[in-house]
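# Examining the three-dimensional arrangement
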Amino acid sequence: MYPLETCKVNPYIVFMSKKPKLPTIREFLERFPDDDSCLEHLMRTRYGDRHTCSKCGKDAKYYRVKARRAYECEHCGNQVYPTAGTPFENTRTPLRDWFHVMFMFCTSRNGVSAKEVQRTIGVTYKTAWRMCNLIRQYMGYVDGDTPLGGPDGGIVEADKAFMGGRDKLGQSDKTVVLGMIERGGDVVTRVIRDRRESSVLPHMWQWIKQGSRVATDEARAFGNLKEYGYSHGTVNHSKREYVSGQVHTNTIEAFWGNVKRAVQGTYISVSPKWLQTYLWEFEYRQNMRKYPHLMFELLLQAFPRPVAKPLPEEAGQTVA
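Residues numbered from 1 in each chain as written. Predicted model: local features only at pLDDT ≥ 70, side-chain atom pairs only at ≥ 80, totals over all residues. Heavy atoms only, no water.

### Looking at the packing of aromatic side chains
Using the criterion set out here, one finds 14 aromatic pairs in the structure. Ring centres 5.9 Å apart and planes at 65° place the aromatic pair Phe 28 and Phe 296 in the edge-to-face group. Here Phe 28 is found in helix α3 (residues 25-31), whereas its partner Phe 296 is found in helix α11 (residues 295-301), with 268 residues between them in sequence. Given a relative accessible area of 3%, Phe 28 falls into the buried group. Ring pairs connect the aromatic residues Phe 28, Phe 32, Phe 88, Trp 98, Phe 99, Phe 103, Tyr 138, Tyr 141, Phe 296 and Phe 303, which therefore count as one cluster. Over the aromatic face of Tyr 63 sits the side chain of Lys 61, whose NZ or CZ is 5.9 Å from the ring centroid. Looking at Arg 285, its charged tip hangs above the ring of Phe 282, at a distance of 5.2 Å from the centre. (Phe/Tyr/Trp six-rings, centres within 6.5 Å; stacked < 30°, edge-to-face > 60°. Helix = DSSP H or I, 4+ residues; strand = E, 2+ residues; numbered from the N terminus. Buried < 20%, exposed > 50% of the residue type's maximum accessible area, 1.4 Å probe, protein only. Lys NZ or Arg CZ within 6 Å of the ring centre and 35° of its normal.)

### Concerning the sheet that holds strand β6 (residues 175-182)
The strand order β7-β6-β5-β8-β9 describes an open sheet built from five strands, whose pairing is mixed. At either margin of the open sheet sits one strand with a lone partner, and together these are β7 (187-192) and β9 (231-235). Neighbour-to-neighbour, the strand axes of the sheet open up by a mean angle of 25°, direction not taken into account. Sheet topology note: the strand β5 (residues 156-163)/β6 ladder contains eight bridges and is antiparallel. The partner of Glu 157 across the bridge, within β6, is Ile 181. Packed onto the sheet, helix α9 (residues 250-267) meets β5, β6 and β7 and runs at close to 30° relative to β5. Set on the sheet, helix α10 (residues 275-287) makes contact with β5, β6 and β7; between it and β7 the angle comes to about 170°. (Pairing = 2+ DSSP bridges. Axes fitted to C-alpha atoms, helices over the stretch in contact; angles between N-to-C directions. Contact = heavy atoms within 4.5 Å.)

Below you can see the structure in the form of structure tokens.
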């Protein structure tokens with residue numbers, strides 16, 4: 001739920017959405033010309049101009065420490081590191097390169113491969129892959145997941161897809177993924193163990209509210225949804241039935257089509273181990289499709305502020 005759901009009702013979005021303008025690379029370079037500007041942004045976003053020092057307890061302004069990614073309290077010299085708890089923690093890669101790759105992820109619609117990052121910012125492939133992996137995980141954190149549908153919500157479409165593999169000798173070696181999308185709303189995806197009902201239904205119970213209208217195909221894994229409090233309609237694809245009144249799975253199938261085309265055209269191959277991170281990337285784009293001009297801005301603003309340790313007196317301890 002945090003922070004994407006809260007940002008959807010933020011007045012800032014209402015103001016910016018009057019005339020959506022996608023950010024350009026020129027605007028990015030002007031806004032973040034060097035590492036110092038990136039670090040300053042992290043500091044102001046996570047801590048503000050002033051905040052209470054966790055050591056001396058005074059309201060303080062923090063000043064930059066020379067030659068270190070840190071700021072120190074004006075009263076006691078206590079240092080904070082704006083990159084702590086972010087994908088940039090303990091990295092030797094320049095912060096502007098990290099911000100640049102995040103910008104690439106938000107302006108691309110078909111994904112960003114590690115080879116492209118390697119060519120663009122001049123790092124090794126290993127570094128580029130790690131950067132992409134951590135950014136995908138961060139996109140999944142920012143997007144979050146909330147239950148779909150409900151008695152008063154939109155129709156929720158659910159469908160399985162099969163990723164990768166070669167299917168040699170008739171033995172399926174593909175990875176099974178489940179997607180659930182509320183029409184006009186968000187999508188939730190999960191990598192699941194297999195196509196059986198026992199693997200599919202627990203995720204649907206978790207992410208689709210009771211009483212929702214659910215549309216699926218005729219797969220047996222969805223056959224008992226009515227017994228669990230859902231209003232269930234199906235279309236029989238094997239008989240070339242794709243729409244029956246309001247019942248269809250075209251929305252979720254379109255989403256899976258976008259994912260598969262990106263994997264085949266951009267990533268070429270995705271391992272089952274990291275497939276969920278790639279799905280988070282496409283979830284984020286899908287769920288922010290109405291605010292494409294804010295995709296990058298939201299990633300820049302969503303870093304959580306580290307939880308400060310309580311002062312000795314607050315923890316009930318005696319100060320010597």
